[in-house]
Number of protein chains: 2
Amino acid sequence: MHPPSYQCHESRSDHTVVPPEKIRIPEDQLDYSHEPTWDQSNLLVHCDKPFNAEPSLPALINAGEITPTEIFFKRNHGPIPDISQIQHRVYIGLQDGERHQGINWQSLSMNDIMTRWPKVTVTATLQCAGNRRDGLAAVKEVKGVIWKSAAVSTAIWSGAQLCDILNDVAGISAEHHNKMIRDYHVCFEANDHVHEDVCYGSSIPLRKAMDPMGDVILAYEMNGKPLTREHGFPIRVIVPGYIGARSVKYLQKIVIQPQESTSFFQRRDYKILDPTIDHTNVEESWDTAASLTEMNVQCVICTPTENEVIPSTEAVTIKGYAISGGGRSIYRVEVSVDSGKTWEPASKLVQNPEVHSGMYWTWAIWEKTVSKIPHSTEIIARAYDSSGNTQPEHAIWNYRGVMNNAWFRTRVMQVPNNRM
Amino acid sequence: MHPPSYQCHESRSDHTVVPPEKIRIPEDQLDYSHEPTWDQSNLLVHCDKPFNAEPSLPALINAGEITPTEIFFKRNHGPIPDISQIQHRVYIGLQDGERHQGINWQSLSMNDIMTRWPKVTVTATLQCAGNRRDGLAAVKEVKGVIWKSAAVSTAIWSGAQLCDILNDVAGISAEHHNKMIRDYHVCFEANDHVHEDVCYGSSIPLRKAMDPMGDVILAYEMNGKPLTREHGFPIRVIVPGYIGARSVKYLQKIVIQPQESTSFFQRRDYKILDPTIDHTNVEESWDTAASLTEMNVQCVICTPTENEVIPSTEAVTIKGYAISGGGRSIYRVEVSVDSGKTWEPASKLVQNPEVHSGMYWTWAIWEKTVSKIPHSTEIIARAYDSSGNTQPEHAIWNYRGVMNNAWFRTRVMQVPNNRM
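Residues numbered from 1 in each chain as written. Chains lettered and ligands numbered in written order. Predicted model: local features only at pLDDT ≥ 70, side-chain atom pairs only at ≥ 80, totals over all residues. Heavy atoms only, no water.

Trainee: What is the right way to read the overall build of chain A from this model?
Mentor: Along chain A, the regular secondary structure elements total eight helices and 21 strands. Summarising its shape, the C-alpha atoms of chain A cover approximately 75 × 50 × 45 Å along the three principal directions. Residues counted as buried form 62% of the 420 residues belonging to chain A. Look at the contacts in chain A between residues 6 or more apart in sequence, and 71% of them connect residues 24 or more apart. Each charge class in chain A can be summarised by its mean position, and for the 40 positive and 49 negative side chains these summaries are 3 Å apart. (Helix = DSSP H or I, 4+ residues; strand = E, 2+ residues; numbered from the N terminus. Buried < 20%, exposed > 50% of the residue type's maximum accessible area, 1.4 Å probe, protein only. Contact = heavy atoms within 4.5 Å. Lys, Arg positive; Asp, Glu negative; His and termini not counted. Charge placed at Lys NZ, Arg CZ, Asp CG, Glu CD.)

Here's what the structure looks like:
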């Protein structure tokens, strides 16, 4: 599925091409007839069109640090495009004035991107800002897919470094106290169709893109293989440490400009609105709320699962993940089996820094074995990150249901062995 | 007050000098006879020797964004040294092996530092990691000065950029994927005497020191004037976004090495120990706990003050500060006058990014006017930072009483005007 005007631009030379014009397609006219198919047995499917699904928490944690591509959570806003790697081009432009004016576009083929710059590998966890939205939906109605707690996964991504490409193609340098680095944004657009806008789009501060320790890449491989269609084939952005929404898939266009992206997904979504804002007054609030960038500190118990029955004679091993944003490591995970009165640190906590940069872009996998659990109790877990941030006790509702990082609670029932 | 062996090294040439050897002085032999004097009327003095004091919250907030030097909180670990600017030297060495071996020392005079590198200005808030320790002391005994909520202040600092000096003097470059940048630390030692170690010392990751957006400076001016003695004369480190303990005063020595500083203040202090650790088992815990770097998200109500009586016929304007670490901005401040059931966003929130880097190194000053406060109530405030982090509802105790960022509560009493 290519945008209608795509092919005709393909034959122009690099110096005169402009990116294809895009049109917004109404929701009921989006074409879902070319969706890929998956084994859905290991997925909780929230929605078919667009396809949104997450694995079970036990499947996620049992897979370990790296999530197999098959169960990596799948987040889409429209039909999954079917793009020709040979024909696909990424258009890059620097804009100083009005949108789409005065941009001297350059374009790169996939072959350019794969051969002109070294292939680098970054292991990074992606987490949807809506992960754990179910906890906010329980407070009051929210807008969005009601994700449970597995809209988060970790993969090994390989591709070209965005800072190298922006330097070589657009002449952007990371020099000290560069006003452009301080003020500009890098906007990404996907070669797809969604009903909210002409395509999926988003942006990140140019500072993040050019940070030598930022590890932002344009990835064409996931877990050692070419990207699968639903994870962004043939190329996607990976923005480690940021909410998943910024890691734009099916990347077609990069614009460096003084403002953040004007996309619906940057300006009318992925913001924490204050708790007094709901569907009645949301429109006037978007422009004054900040766009989300880095993740907050998060911690989830994966096993045992909610309402699991546990033999009372056996110790229970509690396992989960914890993650923070911005490359911050997980400092400590604590578990309580007495409703938060006392806490014990997790006995095992594994989190690996990125080899090149030393930043913590992946989750920490943790476990804690407890021998005495009251007959029926809530197990609670919370984490601290390397900036000393920790999580709020209760969910703090917001209209878009994003960034819920309240203490994670799992109710378990412990019964004598002979009753199991 | 100079270290005993200081003068004899002073006369050597730059290429052969080594920093003065230091000796640890017992607590009862520390010489407090040359302390500067201050107007203490605007300060709450916690301790005279060493001198530790904070302003009142109304004085702090009424001074506005920049705290006058006189009421800037004062934090010392020993006698305040009386250093000659002309004789003072800063020794810089790169160490690859064992401590103090194989270091090719170079030294800089104050004149060198003030003339060889451009003077840059960074406005930054410093906050003691022990700010609001009183809230943790109320839970259980803690170690340290029992700071209230004003061990935080903001000043305009001017000096030389540390990254420039490390580049020019020690040949450290910020190049991409440099293993030294990833793994090394920059250790600072003060020209002072404390009883816990030979001098005050601390370190930061080399990554922070070399970050073009990190704004770490060696400051010799505060609020447009030479540093006062108690704020680090003649030169101190300013590490924006980090806990105050890393902004070492009376800077005498800089060592770039593969490990963090071995100083007491890096290894046996300024760590969040888990809540199961107290004075009975603390010794075995220090080495496994991480050293604090960036601040967490914090919010304090400065006026009205605790137990203030307010006329019930008038609206009340609540004012305070909020701050986060790592250059993260304050996203929103919320106020509740019904014990946390409902929250209203602050109506005014001013926070200025650093001009050069665009990072948020200073606090946000906020206010909120409420017309209806119950007869007697707690006003509660909490903040969100740009990473979506917010504060825990209740204080989470730790032995050193650091990084308390629980919701801030101020009890006020509202009475009819005619009873005031």
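Trainee: How should I be thinking about the interface of chain B and chain A in this particular structure?
Mentor: Size of an interface, as often reported, equals the accessible area lost when the parts are brought together. Taken together, the contact between chain B and chain A spans 51 residues of the former and 52 residues of the latter. When the two sides are added together, the surface that chain B and chain A hide from each other amounts to roughly 4000 Å², 53% of it contributed by carbon and sulfur. At the surface where chain B touches chain A, the tally comes to zero salt bridges. For the pair chain B and chain A, the interface holds 20 residue pairs in polar contact (both at pLDDT 80 or more). Secondary structure elements with two or more residues in the side of chain B that touches chain A: α6 (179-183), β16 (330-336), β17 (344-345) and β20 (376-385) of chain B. (Buried area = accessible area lost by both parts, 1.4 Å probe. Salt bridge = Lys/Arg side-chain N within 4 Å of Asp/Glu carboxyl O. Polar contact = N/O pair within 3.5 Å; in protein donor to acceptor, adjacent residues only side chain to side chain.)

Trainee: Would you mind going over the pairing of strand β20 (residues 376-385) of chain A with me for this structure?
Mentor: All names here are of chain A. Along β20, eight of the ten residues are buried, which leaves the element largely enclosed by surrounding structure. Bridge count between β20 and strand β21 (residues 408-415): six bridges; the pairing is antiparallel. Within β21, the residue paired with I380 across the bridge is R409. (Pairing = 2+ DSSP bridges.)

Trainee: Mind showing me how you'd approach the domain arrangement of chain A here?
Mentor: All names here are of chain A. According to the domain assignment, chain A contains domain 1 (6-276) and domain 2 (298-419). If you look at the interface, domain 1 gives 43 residues, while domain 2 gives 37 residues. Summing both partners gives a buried area of about 3500 Å² for domain 1 against domain 2, and 60% of it is carried by carbon and sulfur. Three residues stand out in domain 1 for area buried against domain 2, namely I61, R132 and L136, and they jointly supply 21% of the buried area on that side. Where domain 1 packs against domain 2, one counts one salt bridge. (Domains from an automatic or database assignment.)

Trainee: Which parts of the structure should I look at to understand the relation of the copies chain B and chain A?
Mentor: Both copies of the chain are related through a single rotation about an axis accompanied by a shift along the same axis. By a simple turn and slide, chain B fits onto chain A: the slide is 0.0 Å along the axis, the RMSD is 0.0 Å, and the turn is 180°. In short, the pair behaves as if placed about a two-fold rotation axis. Identified as the residue of chain B closest to the rotation axis by C-alpha distance is P392 of chain B, at 2.2 Å. (Least-squares fit on C-alpha atoms with pLDDT ≥ 70 in both.)

Trainee: What is the right way to look at the pattern of salt bridges in this model?
Mentor: One side chain can pair with another of opposite charge once the charged atoms of both are near each other. For the structure on display, the rule yields 32 salt bridges over all chains. In this structure, the salt-bridge partner of K22 of chain A is E189 of chain A, at a minimum N-O distance of 3.5 Å. In this pair, K22 of chain A is assigned in the loop between α1 (6-10) and β1 (43-47) and E189 of chain A in strand β7 (residues 185-190), connecting sequence segments 167 residues apart. No difference in accessibility class separates K22 of chain A from E189 of chain A, as the two residues are buried. E334 of chain B is paired through a salt bridge with R332 of chain B; the nearest N and O atoms lie 2.8 Å apart. The class of E334 of chain B is buried, set by a relative accessible area of 0%. Note on R332 of chain B: relative accessible area 8%, which makes it buried. Each of K22, E189 and K253 of chain A takes part in one network of salt bridges that share partners.

Trainee: How do you make sense of the sheet that holds strand β19 (residues 364-370) of chain B when you look at a structure like this?
Mentor: Backbone-to-backbone hydrogen bonds pair the strands of a sheet. The strands run either parallel or antiparallel. Residue and element names in this part refer to chain B. Read from one edge to the other, the open sheet built from four strands follows the order β13-β15-β19-β18, with strand pairing classed as antiparallel. In this open sheet, the two edge strands, each paired with only one partner strand, are β13 (298-303) and β18 (348-350). The sheet shows a mean angle of 20° between the axes of neighbouring strands, direction not considered. Pairing geometry for β18 and β19, over three bridges, is antiparallel. Opposite L349, over in β19, you have W366 as the bridge partner. (Axes fitted to C-alpha atoms, helices over the stretch in contact; angles between N-to-C directions.)

Trainee: Would you explain helix α5 (residues 162-170) of chain A in this entry?
Mentor: Residues and elements named next belong to chain A. Within α5, burial applies to L162, C163, I165, L166, V169 and A170. Angular distribution of buried residues about the axis of α5 spans 160°; they occupy a single face of the element. Downstream of α5 by a residue or two, G171 has a phi angle that is positive, lying close to 70°. (Arc of directions from axis to C-beta.)

Trainee: Mind showing me how you'd approach the sheet that holds strand β16 (residues 330-336) of chain A here?
Mentor: Residue and element names in this part refer to chain A. Sheet architecture is open: five strands sit in the order β14-β21-β20-β16-β17, paired in mixed fashion. Strands at the two margins of the open sheet, each flanked by one partner only, are β14 (308-311) and β17 (344-345). Pairing between β14 and β21: four bridges, direction parallel. Paired with I310 across the two strands is Q414, which belongs to β21.

Trainee: Looking at this model, I keep getting lost on the packing of aromatic side chains. Mind explaining?
Mentor: Counting across every chain of the model gives 16 aromatic pairs over all chains. Ring centres of F72 of chain A and F73 of chain A lie 5.6 Å apart, and the angle between their planes is 15°; on these two criteria the pair is classed as stacked. The buried category is assigned to F72 of chain A, whose relative accessible area is 1%. Three or more aromatic residues link up through ring pairs in this structure, and these residues are F72, F73, W147 and W157 of chain A. When the ring centre of W397 of chain B is taken as origin, the NZ or CZ atom of K140 of chain B, which lies over that ring, is 4.3 Å away. Looking at R400 of chain B, its charged tip hangs above the ring of Y270 of chain B, at a distance of 6.0 Å from the centre. (Phe/Tyr/Trp six-rings, centres within 6.5 Å; stacked < 30°, edge-to-face > 60°. Lys NZ or Arg CZ within 6 Å of the ring centre and 35° of its normal.)

Trainee: How should the state of the cysteines be read in this particular structure?
Mentor: A covalent bond between the sulfur atoms of two cysteines is referred to as a disulfide. In the structure shown here, the tally under the stated rule is zero disulfides over all chains. Residue C199 of chain A stays outside any disulfide, its sulfur separated by 11 Å from that of C187 of chain A, the closest cysteine. A residue is classified by how much of its surface remains accessible, and C199 of chain A, at 2% relative accessible area, is buried. Between C302 of chain B, a free cysteine, and C299 of chain B, which holds the nearest cysteine sulfur, the sulfur-to-sulfur gap is 8.9 Å. For C302 of chain B, a relative accessible area of 0% gives the class buried. (Disulfide = S-S within 2.5 Å.)

Trainee: So what exactly am I meant to see when it comes to the side chain of R332 of chain B here?
Mentor: If you trace the backbone, R332 of chain B turns up in strand β16. Engagement of the side chain of R332 of chain B in a polar contact is seen with the backbone oxygen of I272 of chain A, the distance being 3.2 Å. Leave out the neighbours within four places in its chain, and R332 of chain B touches I272, L273, D274 and P275 of chain A together with P345, L349, R382, A383 and Y384 of chain B.

Trainee: I'm lost on the environment of I146 of chain A in this one. Help?
Mentor: Residues and elements named next belong to chain A. Checked against the element boundaries, I146 lands in the loop between α4 (133-137) and β6 (152-161). By relative accessible area, I146 is classed as partly exposed at 36%. Through-space distance from the C-alpha of I146 to that of C47 is 9.7 Å; in sequence the pair is 99 residues apart.

Trainee: Would you mind going over unusual backbone geometry with me for this structure?
Mentor: Trans is the prevailing form of peptide bonds, just as negative phi is the prevailing case for residues other than glycine. The omega torsion across F233 of chain A and P234 of chain A is 5°, close enough to zero to call that bond cis. Mapped onto the elements, P234 of chain A comes out in the loop between β10 (225-226) and β11 (236-238). With omega at -5°, the peptide bond leading from T303 of chain B into P304 of chain B counts as cis. For P304 of chain B, the position within the fold is in the loop between β13 and β14 (308-311). The phi angle at N223 of chain A is positive, at roughly 55°, despite the residue not being glycine. In this structure N223 of chain A comes out as partly exposed when scored by relative accessible area, which is 23%. Positive phi, normally seen in glycine, also occurs at N307 of chain B, with a value near 70°. Inspection of the secondary structure puts N307 of chain B in the loop between β13 and β14. The exposure class assigned to N307 of chain B is partly exposed, which follows from its relative accessible area of 43%.

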